[in-house]
Amino acid sequence: MKRKALGVLLSIMMLGTCVFTGCGEGGSEGPASGSQAADTAESTETAAGTVQAGSEAALEYGGNDISEHKELVMYVIGDEPVAADEVEEALNAKLEEKLNCTVDINYIALSDYTQKYSLLLASGENIDIIYTSTWAFYNEEATKGAFAEITDELLQKYMPQTAAGEDSMAFEQAKINGKCYMIPKNSPYVNNAMPVLIRGDLREKYGIDKIDSVEKLEEYFTAVAENEEGIYPYAAAGDAVEMSMNLFQSRNNLVPMSCGSGKYFGYFYQGKDPAAEDVVWQYGTDEYLEYCKLMKSWADKGFWSKNAVSNTTSPLDAFQNGTSAALFWNLDTCESAKNVVDSEHPEWKAELVNVTPGVVHVKGVYTGDGFAIPAVSENQDRALMVLDVLKFDKECYDICRYGIEGSTFNATSDTTYTLGDEQANYAVGNAPVSWGLKNDVLERIQGEAGTTQSEIRQELMGDAISEVTSGFIFDDSSVKSELAAMNEVCSQYVPLLELGLVDDVEGTLAELNSKCETAGAEKLKEEFISQFTAYLEGLEK
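We now turn to the structure provided with this report.

Rules and cut-offs
Residues numbered from 1 in each chain as written. Predicted model: local features only at pLDDT ≥ 70, side-chain atom pairs only at ≥ 80, totals over all residues. Heavy atoms only, no water. Helix = DSSP H or I, 4+ residues; strand = E, 2+ residues; numbered from the N terminus. Expected span 1.5 Å × (residues − 1). Bend = angle between axes of the 7 residues up to and from the residue. Buried < 20%, exposed > 50% of the residue type's maximum accessible area, 1.4 Å probe, protein only. Contact = heavy atoms within 4.5 Å. Pairing = 2+ DSSP bridges. Salt bridge = Lys/Arg side-chain N within 4 Å of Asp/Glu carboxyl O.

A few words on helix α17 (residues 480-498). Between its terminal C-alpha atoms α17 stretches 25 Å, which fits the 27 Å expected from 19 residues at 1.5 Å a residue. Bending of α17 peaks at approximately 35° at the position of cysteine 490. Turning to α17, its buried residues are Glu482, Leu483, Met486, Val489, Cys490, Tyr493, Val494, Pro495, Leu497 and Glu498. Turning to α17, the residues buried within the fold contact α10 (241-250), β15 (280-281), α11 (286-300), α18 (505-519) and α19 (521-540). Positive phi appears at glycine 500, one or two residues downstream of α17, with a value of about 65°.

Dropping the structure here:
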């Protein structure tokens, strides 16, 4: 398999600003001429308008001339699957037909993206499409001018299917200072939809009943820690954020609120939308203290390595290679990991369990995954069309999301699928290239035709509700220095606290909060509350 280098320049160049309509194809792709239309042998009506097909490729999309062939460069975050080249070839065959173009898909490994993402954008390399997210530098890069603005006019002109079919709230959530720089997925993130993937064979081995609570999970972890060699109950790594999202946020019905890259503020959901006074500083709550104490007790029992913070093997890899008895992650990733394990180690009897039944599942942001068009792109208009097709054309969507029909997956109806013999070569249903494309309208459910979603998926997703804070985006322009100082403090203390790797939980937490106050926590909170109050007042108008 070919491996694609990031191509980051040794000397990083400063990005210039670029007006969207003055870059790329903006001046060249107008409506198809009359002679082109007359020469076309056939036309097909689609949601994008009349696509006029020539002998090899379409000449028009949504009234835009696409007769000039384009080769686009796309970057996604995630580990490159074994079947990446095969999938790219199949996808490009469809894009040649539909948009007279191809995409060269490059992967930035999860272990590398924090170091390489910003360097890549600053390098000056021509990139046409790049994955972005609230957790992957969207705010930071957009405010630096790295991304082209996505206006309503551009959506209507170049992304007609997205303009018609995507929830408008997705683009509202992506706005920074009133402007949007992202095409989010058409699938809101659901807060608290966090399962745990475990080894069913080990649960049975130690006579543990169904795991449906944190207490039962601790019983399982204790059995593994006391009896298994070479397997951690949970092979935590880095900041173990996935575990805290489940056992702290989800367990306590805490809805996090946007504040740059930090998880500083939120509110405890109590059946109604919050007022400004309901907003809490997460690290100052009794619930956070209790969570850190629980993690301290688990660390002392050897549930993970004492060197977990510096561990570079991801919990996902550890579970799949047999050195971890559990995996905390979001639902899609856990289901994908279960698929891999079921194929390679069916004797492990991998099980999805819900350890926080009864919590409120809240629809959050769409901007947890998406794509941006870099300002340096020379093909911005065609790039928007490509994203329109990848998100809403079923043939292309299936390839991105599930891989190769008859190989990595088998379609059992228009809305269901089963795993194919080669599913281990592609993250079926959660492939990195598809994270920013996820569209609930076209999603397939794993299983035979006529079956329903799994019990766990229903528990985690079926009762999700909408709430008011999902549309609130914090403008950090007036507190950037305070946030930078606070991020530095938290990166030092939070991983240790949330993995229980401290001698004195209360003392260490007090030290964290004291240093955050010195860094400007009070100013940050005042600005946050002020903006949230204005946001709530705006909703009432």
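On to the sheet that holds strand β13 (residues 254-256). Strand order in the open sheet formed by 3 strands is β13-β14-β15, and the pairing between neighbours is antiparallel. The outermost strands of the open sheet, each flanked by one partner alone, are β13 and β15. Summarising the sheet, strand β14 (residues 265-268) and β15 pair through 2 bridges and their orientation is antiparallel. Within β15, the position partnered with phenylalanine 265 by the bridge is tryptophan 281.

On to the pairing of β14. Here β14 shows a buried face lined by Phe265 and Tyr267 and a second buried face lined by Gly266 and Phe268. The pairing of β13 with β14 spans 3 bridges and is classified as antiparallel. By the bridge assignment for β14, leucine 254 is matched with phenylalanine 268.

Of note, lysine 338 is situated in helix α13 (residues 331-344). The class for lysine 338 is partly exposed, based on a relative accessible area of 23%. Each C-alpha atom, one on lysine 338 and one on glutamate 351, is 7.4 Å from the other, the two residues being 13 residues apart in sequence. Apart from residues no more than four positions distant in its own chain, lysine 338 is found in contact with Leu197, Ala350, Glu351 and Leu352.

A few words on the pattern of salt bridges. The tally for this structure, following the rule as stated, stands at 27 salt bridges. The salt bridge involving glutamate 219 is made with lysine 216; its shortest N-O contact spans 3.4 Å. In this pair, glutamate 219 and lysine 216 are both assigned in helix α9 (residues 214-227), 3 residues apart and thus about one turn of the helix distant. Given a relative accessible area of 19%, lysine 216 falls into the buried group. One salt bridge in this structure joins glutamate 290 and lysine 293, with 3.9 Å as the shortest N-O distance. Highlighted residues: glutamate 290 and lysine 293, both in helix α11, separated by 3 residues, approximately one helical turn. A cluster of three or more residues bridged by salt bridges with shared partners is formed by Lys94, Lys98, Asp393 and Glu395.

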